[in-house]
Amino acid sequence: MTTDSPFRIESSWRRLRRSATAVLLSSSLLTPGLPQAQPAGIPSMGAASSTELSPALETLLGKAIMEQGRRDPTYINDPDVRQYLAAMGAKLSGQASGLGQPVQVFGVRDPQINAFALPGGYVGVNSGLVVQSESESELASVVAHEIAHVAQRHIARGMTQGSQSNTIMMASIAAALLAAMAGSGDLAMGVAAFGQAAAIDQQLGFSRQAEQEADRLGLEMMRKAGFDPRGMARMFGRLSSVSRLNESMSGGGYHSTHPLSVQRMSDIENRVRELPQQSREDGGDYLFVRAKLRVIQAKDARSQREVRETLQHEASTRSGAAQAAAWYGLAYAELVRGELDAADKALAQASVVKSPHMAQMRIQLALRRGADAVQMARDAWRDWPQSQGVALLLAEALQKAGKDGEGVAFLEERVGQWPEEPQFHERLAQGYERLGEAVKARSTMATYYEMVGALPTAVQQLRQARNLTDDFYLQSELDTRIRELRERQDMERELLKRFKT
């Protein structure tokens, strides 16, 4: 689905629109017809009238957007949220036929009920969508719809339809990304790129046929993945009700950017009725992540107080895992406020359910109090060896206890287990530094910066590492990495210049 500028960087967006328009006007005055050299390694865009981006070009563009997007303050970097959404994306996309690229689902701190697809297989999920969903199947229905847009390449096709608004949109995104890559440019413009990229679907205006196609493919995807198909019908009904309530407020959100027509809703309801009932009990991860996101998206004192009141109500009226998740949410809210005793009391109420989220909370409370949390973290890791949150807390506990050698060995294993997770590389670099292994520290930190999109900083780290060693073979290896990163920067810069002009 689309989003109505979820990141609210409006002044930057106005500057982007003005600069992009200026670029377009100035380029139209240049002498046409001069051949342009094709940079090495850049996929061909084809003719200007090409009906869609090539998959290779779409991947490059999506990666460039996400490299800057991960630096946006609304990007949710919490390990539990990241791991949960990534797992849901993998489960659903595994049932998508003909999907030619990996799908990566990530979270955005925004209370609007929304989700959106970016070029290159990236799907953003607003915290408000998770918080307002009433079952995991409802959440999965929206994520599946977005993955269906990716599978059908609706984004890539729409971006090259050739309309003036699409051209300005692409030029604006390119201008913002180039500003961020320049390093010394307007940082706000670079950060704004992610927010404006997230508004792509709104400006594209998917056809009714494309929306219905995404509905049907998403429904089949979620059914095969084990979710209750009725969740899509329930979610559509709730979104329609929310839209009617907010009609006078110019709203934004899911319904205003992808109108739920009577035809679409009837089509899904009819299809769901024809399917065998597939009841499904919500898992603990969904309930605990939803409770955590309630707290994460509350930005001011009033909204934080309202969240605590909501969680207190659920804690007193729910039972089982839902009640435990509400108490966990309250404990997390108190931890964020620094009220450790209140967090302890809330956590004690949730002890009927054993989960990695509860274990993490106990470890965090111990670390905040300066207690030795190593054994507690080791026990939690033994019970939940697939939890990234528990792994990061064990590494932190080992470092705080001065067990740097053990911490580095543990993190080296976790980097092998989750090579795509930047936080493990960052923590490992810190461990190497504490052990006095400066070359390894900077080389590993370069990997971290590369993964989060700060390529110039990654190059700086590699150069520092090279200056700290006399080992010819190691210097050659570092030289190769530096050259590859610079080539990647040049490739992305040339790609974006072509979109801009």
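Since we're looking at a predicted model, the values are computed, not measured.

Some remarks on the pairing of strand 3 (residues 122–126)
Burial within strand 3 is extensive, with five of its five residues counted as buried. Here strand 3 shows a buried face lined by Tyr122, Gly124 and Asn126 and a second buried face lined by Val123 and Val125. Where strand 2 (residues 115–118) and strand 3 come together, four bridges link them in antiparallel fashion. Residue pairing across strands places Ala117 opposite Val123, the latter belonging to strand 3. Where strand 2 hands over to strand 3, the hairpin turn is made up of three residues, of which Gly120 adopts a positive phi near 85 degrees.

Comments concerning the packing of aromatic side chains
Within this structure, the stated rule accounts for nine aromatic pairs. Ring geometry for Tyr75 against Phe106: centres 6.0 Å apart, planes inclined by 35 degrees, an arrangement best described as tilted. In this pair, Tyr75 sits in the loop between helix 2 (55–69) and helix 3 (79–93) while Phe106 sits in strand 1 (residues 104–108), placing the two residues 31 residues apart along the sequence. Look at Tyr75 and you get buried, because its relative accessible area is 14%. For Phe106, a relative accessible area of 6% corresponds to the buried category. Between Trp381 and Trp418 the ring centres are 6.3 Å apart and the planes differ by 80 degrees, which places this aromatic pair in the edge-to-face class. Of this pair, Trp381 sits in helix 19 (residues 374–383) while Trp418 sits in the loop between helix 21 (404–417) and helix 22 (422–434); the two residues are 37 residues apart in sequence, bridging distant segments of the chain. In this structure, Trp381 and Trp418 share a single accessibility class: buried. Taking NZ or CZ as reference, Lys91 lies 5.0 Å from the ring centre of Phe227, over its face. The ring of Phe410 carries the charged tip of Arg414 above its face, separated from the ring centre by 4.7 Å.

What to know about the nonpolar core
Core analysis: the biggest nonpolar cluster contains 68 residues, and Leu92 and Leu139 have the highest contact counts within it. Per-element accounting of this core gives the leading share, nine residues, to helix 16 (residues 320–337). Leu139 has contacts with Tyr84, Met88, Val125, Leu129, Val130, Ser133 and Tyr286, leaving out every residue within four places of it along the chain. In this structure, Ala366, Ala397, Val408 and Leu411 belong to the second largest nonpolar core, which totals 27 residues.

A look at helix 20 (residues 388–400)
Between its terminal C-alpha atoms helix 20 stretches 18 Å, which fits the 18 Å expected from 13 residues at 1.5 Å a residue. Across the 13 residues of helix 20, 11 count as buried, placing the element largely inside the fold. Among all positions of helix 20, only Gln388, Gly389, Val390, Ala391, Leu392, Leu393, Leu394, Ala395, Ala397, Leu398 and Gln399 are buried. Close packing links the buried residues of helix 20 with helix 3, helix 18 (356–368), helix 19, helix 21 and helix 22.

Side note on the packing of helix 17 (residues 340–349) against helix 18
The interhelical angle for the contact between helix 17 and helix 18, taken along N-to-C directions, is 155 degrees, at an axis separation of 11 Å. Classified by the angle their axes make, helix 17 and helix 18 are roughly antiparallel. Handedness of the crossing formed by helix 17 with helix 18: left-handed. When helix 17 is examined against helix 18, the residues Leu340, Ala343, Asp344 and Leu347 are found in contact with a partner set consisting of Met358, Met361, Arg362, Leu365 and Arg368. Looking at the contact of helix 17 with helix 18 residue by residue, the classes come out as six nonpolar, no polar and three charged.

Observations concerning the side chain of Glu138
Along the chain, Glu138 turns up in helix 5 (residues 136–151). When its relative accessible area of 2% is taken as the criterion, Glu138 is described as buried. A distance of 2.3 Å separates the side chain of Glu138 from the side chain of Arg238, its partner in a polar contact. Apart from the residues lying within four places of it in its own chain, the contact partners of Glu138 are Ser133, Gly231, Arg234, Met235 and Arg238.

Points about the environment of Val352
Here Val352 shows up in the loop between helix 17 and helix 18. Using a relative accessible area of 66% as the deciding quantity, one classes Val352 as exposed. The sequence separation of Val352 and Gly320 amounts to 32 residues, and the corresponding C-alpha distance is 7.8 Å.

What about the pattern of salt bridges?
As enumerated under the stated definition, the model contains 32 salt bridges in all. Of the charged contacts, one joins Glu433 and Arg442 as a salt bridge, the two residues approaching to 3.1 Å between their closest N and O atoms. A relative accessible area of 42% places Glu433 in the partly exposed class. Each of Glu134, Glu138, Asp228, Arg230, Arg234 and Arg238 takes part in a single network of salt bridges with overlapping partners.

Some words on the confidence of the model for the protein
Taken over all residues, the pLDDT of the protein has a mean of 80, while the share at 70 or more is 74%. Mean pLDDT per element in the protein: helix 1 (residues 10–28) is the minimum at 31, and helix 21 is the maximum at 98. Note that residues 245–252 has pLDDT below 50 and, in this model, four contacts with residues that lie over four places away or in other chains.

Describing the packing of helix 16 against helix 18
It is the contact of helix 16 with helix 18, at a shortest axis distance of 11 Å, that shows an interaxial angle of 25 degrees. Classified by the angle their axes make, helix 16 and helix 18 are roughly parallel. By crossing handedness, the relation of helix 16 to helix 18 is classed as left-handed. Residue-level inspection shows Tyr328, Ala331, Tyr332 and Leu335 of helix 16 in contact with helix 18, the latter providing His357, Met358, Met361, Gln364, Leu365 and Arg368.

A look at the sheet that holds strand 1
Across a sheet, paired strands are connected by hydrogen bonds in the backbone, their directions being either parallel or antiparallel. Strand order in this open sheet of three strands is 1-3-2, and the pairing throughout is mixed. Sheet topology places strand 1 and strand 2 at the edges, where each strand pairs with a single neighbour. Along the sheet, successive strands turn relative to each other by an average axial angle of 25 degrees, direction set aside. Sitting on the sheet, helix 3 touches strand 1 and strand 3, and the angle it makes with strand 1 is about 145 degrees.

Things to note about helix 13 (residues 262–274)
The α-helix advances 3.6 residues per turn, and as a result positions three or four apart in sequence lie on the same side. Between its first and last C-alpha, helix 13 extends 18 Å over 13 residues, near the 18 Å set by a 1.5 Å rise per residue. Every buried residue of helix 13 is listed here: Arg264, Met265, Asp267, Ile268 and Val272. In a view along the axis of helix 13, the buried residues occupy a sector of 160 degrees, so they form one face of it. Facing away from the buried side of helix 13, by more than 90 degrees, are the exposed residues Val262, Arg273 and Glu274.

What counts and what doesn't
- Residues numbered from 1 in each chain as written.
- Predicted model: local features only at pLDDT ≥ 70, side-chain atom pairs only at ≥ 80, totals over all residues.
- Heavy atoms only, no water.
- Buried < 20%, exposed > 50% of the residue type's maximum accessible area, 1.4 Å probe, protein only.
- Helix = DSSP H or I, 4+ residues; strand = E, 2+ residues; numbered from the N terminus.
- Pairing = 2+ DSSP bridges.
- Phe/Tyr/Trp six-rings, centres within 6.5 Å; stacked < 30°, edge-to-face > 60°.
- Lys NZ or Arg CZ within 6 Å of the ring centre and 35° of its normal.
- Core = buried A, V, L, I, M, F, W, Y, C linked by side-chain atoms within 4.5 Å.
- Contact = heavy atoms within 4.5 Å.
- Expected span 1.5 Å × (residues − 1).
- Axes fitted to C-alpha atoms, helices over the stretch in contact; angles between N-to-C directions.
- Parallel < 35°, antiparallel > 145°, perpendicular 65-115°, else oblique.
- Left-handed = near helix turned anticlockwise from the far one by under 90°.
- Nonpolar A, V, L, I, M, F, W, Y, C, P; charged D, E, K, R; others polar.
- Polar contact = N/O pair within 3.5 Å; in protein donor to acceptor, adjacent residues only side chain to side chain.
- Salt bridge = Lys/Arg side-chain N within 4 Å of Asp/Glu carboxyl O.
- pLDDT = per-residue confidence, 0-100.
- Arc of directions from axis to C-beta.

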